[in-house]
Amino acid sequence: MAEPLYVGVDRSDESWVAVAFTGDGFDHTSVFDSIGACWAAYEERARRILVGVPIGLVESGEPDRRCDELARSVLGERSTTVRTPPVREATRKQRYSTANRVHKRKTGHELSERAFARSDSLARVDELLQELPEAAAAIRESHPEVCFRALGGEPLTHPKHTAGGYAERMRILAHYDRDAAPTVQKAAEATGGTAVAVDDVLDAVALAYTAQPGDGELYTLPPEPPRDATGLPMEIVYRAASPLMT
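Now for a quick tour of the structure. (Residues numbered from 1 in each chain as written. Predicted model: local features only at pLDDT ≥ 70, side-chain atom pairs only at ≥ 80, totals over all residues. Heavy atoms only, no water.)

## Some details on the packing of aromatic side chains
Alright, step 1. Inspection of the entire model under this criterion finds 6 aromatic pairs.
Alright, step 2. Taken together, a centroid distance of 4.8 Å and an interplanar angle of 85° make the contact between Phe 21 and Tyr 209 edge-to-face. Of this pair, Phe 21 sits in strand E2 (residues 15–22) while Tyr 209 sits in helix H11 (residues 198–211), and the two are 188 residues apart along the sequence.
Alright, step 3. Ring plane angle 65° and centroid distance 5.7 Å describe the contact between Tyr 96 and Phe 116, whose orientation is recorded as edge-to-face. With Tyr 96 in helix H4 (residues 96–107) and Phe 116 in helix H5 (residues 113–116), this pair connects stretches of sequence that are 20 residues apart. (Phe/Tyr/Trp six-rings, centres within 6.5 Å; stacked < 30°, edge-to-face > 60°. Helix = DSSP H or I, 4+ residues; strand = E, 2+ residues; numbered from the N terminus.)

Take a look at the structure:
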């Protein structure tokens, strides 16, 4: 019987990059055109899949989820990487003007164009989890910046797409696992010929390390996550020696 996999999945441009670990370490990297194709590839073996997009969406009212508020509070200078997701209905709209109108009607707040840019990803994940309970049992939300913050023990100072940011994140992973550098290299090489950015590969690796059993424990922001109207948890999963917040 094949070993179970622990997978980190991040959105990169028009693709989904997945880094898969067994309990012993790096297994492989794959690039998918859709989150549905990603799930189809891993549904038989994945024990846990952490995705870097919001799961559990607001229908109306206050648009900020508690997990996003808490993530900003622990990220310091990197708090701007946590964006308020569109309300569920707005994620199904193809044009920003329409999505913004829906979001504003439902919440009283404007929808940022940067948040709207991720709408299709949110909608596809949301639909998958509502249609397939087995997917909802395995796929959970995380956030790469929160993962790096938790693994490193302190807030990051550089954006991920800068040289300083790459070096900072590599130091965190190398401190966590001495094999992190060759792991990242193998993962990046496996995406050759695709449009996947190297910093998104690094994010997927951090998500995979978080998903894989290892040092520390799995925690969530908030510690007792609420659920949205469809029953999906509004949480951000991270791995740390102790909770970021109590």
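## Re the environment of His 109
Alright, step 1. Position of His 109 among the secondary structure elements: in the loop between H4 and H5.
Alright, step 2. Its relative accessible area of 38% is what places His 109 among the partly exposed residues.
Alright, step 3. Residues His 109 and Glu 168, 59 residues apart in the sequence, show an inter-C-alpha distance of 35 Å.
Alright, step 4. Residues contacting His 109, with those up to four places away along its chain left out, are Glu 62, Pro 63, His 103 and Lys 104. (Buried < 20%, exposed > 50% of the residue type's maximum accessible area, 1.4 Å probe, protein only. Contact = heavy atoms within 4.5 Å.)

## What about the environment of Ala 40?
Alright, step 1. Checked against the element boundaries, Ala 40 lands in helix H1 (residues 35–42).
Alright, step 2. The spacing of Ala 40 and Asp 27 is 13 residues in sequence and 17 Å in space, taken between C-alpha atoms.

## Structural notes on the pattern of salt bridges
Alright, step 1. Counted according to the given criterion, the structure contains 21 salt bridges.
Alright, step 2. Residue Lys 104 pairs with Glu 110 through a salt bridge whose shortest N-O separation is 3.0 Å.
Alright, step 3. For Glu 235, the salt bridge identified is with Arg 140, shortest N-O distance 3.0 Å. Taken together, the residues span a long stretch of sequence, with Glu 235 in the loop between strand E6 (217–221) and strand E7 (236–240) and Arg 140 in strand E5 (residues 139–141) at a distance of 95 residues. (Salt bridge = Lys/Arg side-chain N within 4 Å of Asp/Glu carboxyl O.)

## Examining the side chain of Thr 191
Alright, step 1. Summarising the element assignment, Thr 191 is placed in the loop between helix H10 (180–190) and H11.
Alright, step 2. Its relative accessible area of 5% is what places Thr 191 among the buried residues.

## Comments concerning the packing of helix H8 (residues 144–152) against H11
Alright, step 1. Packing of H8 against H11 leaves a shortest axis separation of 9 Å and a crossing angle of 60°. Relative to H11, the element H8 is oriented oblique. Of the two possible hands of crossing, H8 and H11 adopt the one that is left-handed. Contacts between H8 and H11 involve Pro 144, Cys 147, Phe 148 and Leu 151 from the first element and Leu 202, Asp 203, Ala 206, Leu 207 and Thr 210 from the second.
Alright, step 2. By residue class, the composition of the contact of H8 with H11 is 7 nonpolar, 1 polar and 1 charged. (Axes fitted to C-alpha atoms, helices over the stretch in contact; angles between N-to-C directions. Parallel < 35°, antiparallel > 145°, perpendicular 65-115°, else oblique. Left-handed = near helix turned anticlockwise from the far one by under 90°. Nonpolar A, V, L, I, M, F, W, Y, C, P; charged D, E, K, R; others polar.)

## Considerations on empty space enclosed by the protein
Unoccupied space between atoms shows up once a probe the size of one water molecule is rolled over them.
Alright, step 1. Across all of its chains, the model carries 2 cavities of 30 Å³ or more by this definition.
Alright, step 2. Looking at the largest cavity, its volume works out to about 70 Å³.
Alright, step 3. For the lining of the largest cavity, the per-class residue count stands at 3 nonpolar, 4 polar and 5 charged.
Alright, step 4. Space inside the second largest cavity adds up to approximately 30 Å³.
Alright, step 5. Lining the second largest cavity, in full, are Pro 54, Arg 83, Thr 84, Pro 85, Pro 86, Ala 115, Arg 118 and Leu 122.
Alright, step 6. Within the lining of the second largest cavity, the residues separate by chemical class into 5 nonpolar, 1 polar and 2 charged. (1 Å grid on protein atoms, 1.4 Å probe; cavity = no way out; pocket = protein on both sides within 12 Å on 5 of 7 lines; lining within 4 Å. Points joined across faces, edges and corners; volume = space filled by probe spheres on them.)

## So, the state of the cysteines
Alright, step 1. Applying the stated criterion across every chain, the model contains 0 disulfides.
Alright, step 2. Free cysteine: Cys 67, not disulfide-bonded; nearest cysteine sulfur from Cys 147 at 13 Å. (Disulfide = S-S within 2.5 Å.)

## Re H1
Alright, step 1. Inspection of H1 places Ile 35, Cys 38, Trp 39 and Tyr 42 among the buried residues, and these make up the whole buried set. For H1, the angular spread of buried residues about the axis comes to 95°, placing them on one side. (Arc of directions from axis to C-beta.)

## Some points on the nonpolar core
Alright, step 1. Of all hydrophobic cores here, the largest spans 27 residues; its most connected members are Val 19, Phe 148, Leu 173, Val 205 and Tyr 209.
Alright, step 2. Sorting the residues of this core by element identifies E2, H8, helix H9 (163–176), H10 and H11 as the ones contributing at least two each.
Alright, step 3. At 9 residues, H11 tops the list of elements feeding residues into this core.
Alright, step 4. Ranked by size, the runner-up nonpolar core spans 25 residues in total, among them Leu 5, Trp 39, Ile 49 and Leu 122. (Core = buried A, V, L, I, M, F, W, Y, C linked by side-chain atoms within 4.5 Å.)

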